[in-house]
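# Breakdown of the fold
The chain contents come next:
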Amino acid sequence: MNRLQFALGLDLPLLQAGMGGIAGPELCAAVSRAGAGGALALYKEPPERVRELVRAVVASTSRPFGVNVIPEVTGPAACRAQLRAALDQLPGHAFVTSFGLPDADAAHDVVRSGRVLVIQVGTLHDADAALRLGAGVLVLQGTEAGGHLLGELPAARLLHEARARYPDAVLAVAGGVATGTDLVRVLVQGADGAMAGTLFIPTVESAAHPHYKQRVVDASADDTVVTTRFDIGWPARPHRVLRNSLTGQAPRHPATFIATTGAGGRRLPVPRYSAAVPVAATAGRIEEMAMYCGRSCSRVAGQHPAAVLVEQFRRTYEAAGRSRDTSTEGGPWKTRSNR
Ligand SMILES: Cc1cc2nc3c(=O)[nH]c(=O)nc-3n(C[C@H](O)[C@H](O)[C@H](O)COP(=O)(O)O)c2cc1C
């Protein structure tokens with residue numbers, strides 16, 4: 001058991017990224033039941049809905065899982081309200097993942113509740129701040145990652161710098177991890193584990209739209225691009241998406257409605273350039289929407305149950321651990337405490 005497994009109670013040092021609209025209770029619970037760390041995306045969900053979603057996960061797994069917030073999108077008050085609603089329902093072994101820095105009150109609520117706070121950052125500056133806020137795990141996001149980007153460094157470089165600065169911190173890498181071999185690579189580079197998002201988009205349990213799932217399966221790294229185009233609902237943060245007719249140099253078209261989507265029992269219009277992803281309940285011009293996708297898509301093949309993917313990771317991880325046991329001290333496969 002290594003430090004990330006130990007911190008969060010996981011069989012495998014692998015976290016599933018919270019993904020707004022995609023990572024609902026089904027995906028989160030499936031990943032956790034398989035022994036990795038599932039995460040329930042709270043995105044813009046109101047507190048009543050947060051309670052329902054958390055209850056659904058609790059009903060389907062007794063394994064540790066996380067809830068995921070995005071303070072930059074919700075703002076501090078709504079983020080804190082989401083967290084309060086979630087913390088009321090969460091078992092003690094659950095954890096909280098935050099995309100970017102939460103404010104001090106929200107961080108304090110999580111830490112005081114005894115749950116581990118996992119903060120995803122893209123710079124050393126934010127890593128310092130996250131540790132000061134009480135983060136028990138840092139997720140270092142590289143620019144290979146799908147979705148919104150928190151920094152400007154590739155994952156290996158950020159990891160190298162962060163490991164030198166915080167020798168004892170629990171560090172996971174986000175971006176570029178879609179196979180057990182990728183996980184072993186980041187462990188050898190000094191990480192304690194990894195977080196993966198793109199890998200889980202096409203899973204059976206993901207709520208992504210079928211066309212988007214197939215696009216991710218068919219894509220390779222160069223089919224993705226970093227843009228600022230899909231800024232309605234989440235302005236001013238670059239994001240990595242699949243190239244489509246809106247991501248080129250063409251002048252911006254009017255932000256007329258191009259689709260409708262289902263949320264909380266209602267149908268909502270989706271404007272062109274919306275940050276919303278196409279989900280199973282979306283109808284309209286799916287191909288023109290924001291299809292977030294990381295460079296790791298080159299190694300994502302087929303639409304599988306999440307447990308099948310986690311099992312593949314486990315086999316590679318355990319085989320690499322066995323071969324290290326016979327050659328070295330066990331390295332990243334062992335916790336500090338049992339080294
Ligand atoms: C479709 C998609 C949606 C995402 N939504 C969120 C989110 O709601 N909250 C969050 O913390 N991170 C989100 N992310 C970013 C991930 O946390 C993580 O940085 C990224 O998935 C890692 O790179 P990978 O996708 O190549 O594995 C999202 C990523 C993708 C691909």
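Refer to the structure above for everything that follows.
This section reports on the structure supplied with the text.

Broken down by element type, the protein chain carries 11 helices and 14 strands. A globule of 339 residues ought to have a C-alpha radius of gyration of about 20 Å, and the protein chain, at 19 Å, matches this closely. If one aligns the C-alpha atoms of the protein chain with their principal axes, the spans along those axes are about 60 × 40 × 35 Å. When burial is assessed residue by residue, the protein chain has 55% of its 339 residues classed as buried. Approximately 13500 Å² of the protein chain is accessible, and the part contributed by carbon and sulfur atoms is 54%. Side chains of the protein chain carry 36 positive and 29 negative charges; the gap between the two charge centres is 1 Å.

A few words now on the pattern of salt bridges. Inspection of the entire model under this criterion finds 20 salt bridges. Notably, a salt bridge pairs R49 with E45, separated by 3.9 Å at the nearest N-O pair. R165 is paired through a salt bridge with D128; the nearest N and O atoms lie 2.5 Å apart. Of this pair, R165 sits in helix 8 (residues 155–165) while D128 sits in helix 7 (residues 124–132), placing them 37 residues apart in sequence.

Attention now moves to the layout of surface pockets. By volume, the second largest pocket is sized at about 150 Å³. Contributing to the lining of the second largest pocket are 14 residues, with A178, L199, R299, L309 and Q312 lying nearest its centre. Considering every element that reaches the lining of the second largest pocket, the biggest residue donor is helix 11 (residues 306–327), with 4 residues. Here the residues of the lining of the second largest pocket sort into 7 nonpolar, 6 polar and 1 charged.

About the thresholds
- Note that residues are indexed from 1 along each chain, following the sequence as it is written.
- Where local features are concerned, this predicted model is filtered to residues with pLDDT of at least 70; where side-chain atom pairs are given and counted, the filter is 80 or more; whole-chain, interface and lining totals use all residues.
- Side-chain measures were taken over the full set of non-hydrogen atoms in the model, leaving aside hydrogen atoms and water.
- Numbered from the N terminus, helices here are DSSP runs of H or I no shorter than four residues, and strands are runs of E no shorter than two.
- Note that the radius of gyration is over C-alpha atoms, with the globule rule given as 2.2 Å times the number of residues to the power 0.38.
- Buried means the residue's accessible area, taken with a 1.4 Å probe over protein chains only, is under 20% of the maximum for its type, while exposed means over 50%, and partly exposed covers the values in between.
- Calculation of accessible area relied on Shrake-Rupley with a 1.4 Å probe; when residues are assessed, cover is drawn exclusively from the protein chains displayed.
- Positive charge is attributed to Lys and Arg, negative charge to Asp and Glu, and no charge count is given to His or to the chain ends.
- Positions of charges follow a simple convention, taking NZ of Lys, CZ of Arg, CG of Asp or CD of Glu.
- The term salt bridge refers to a pairing of a side-chain nitrogen on Lys or Arg with a carboxyl oxygen on Asp or Glu at a separation within 4 Å.
- With a 1 Å grid laid over protein atoms only, a set of points is called a cavity when a 1.4 Å probe fits there but cannot get out and a pocket when it is open yet has protein on both sides within 12 Å along at least five of seven lines; lining residues have an atom within 4 Å of a point.
- Grid points are joined across faces, edges and corners, and a volume is the space filled by probe spheres set on the points.
- Gly counts as polar in this scheme, as do all residues outside two lists: the nonpolar Ala, Val, Leu, Ile, Met, Phe, Trp, Tyr, Cys and Pro, and the charged Asp, Glu, Lys and Arg.

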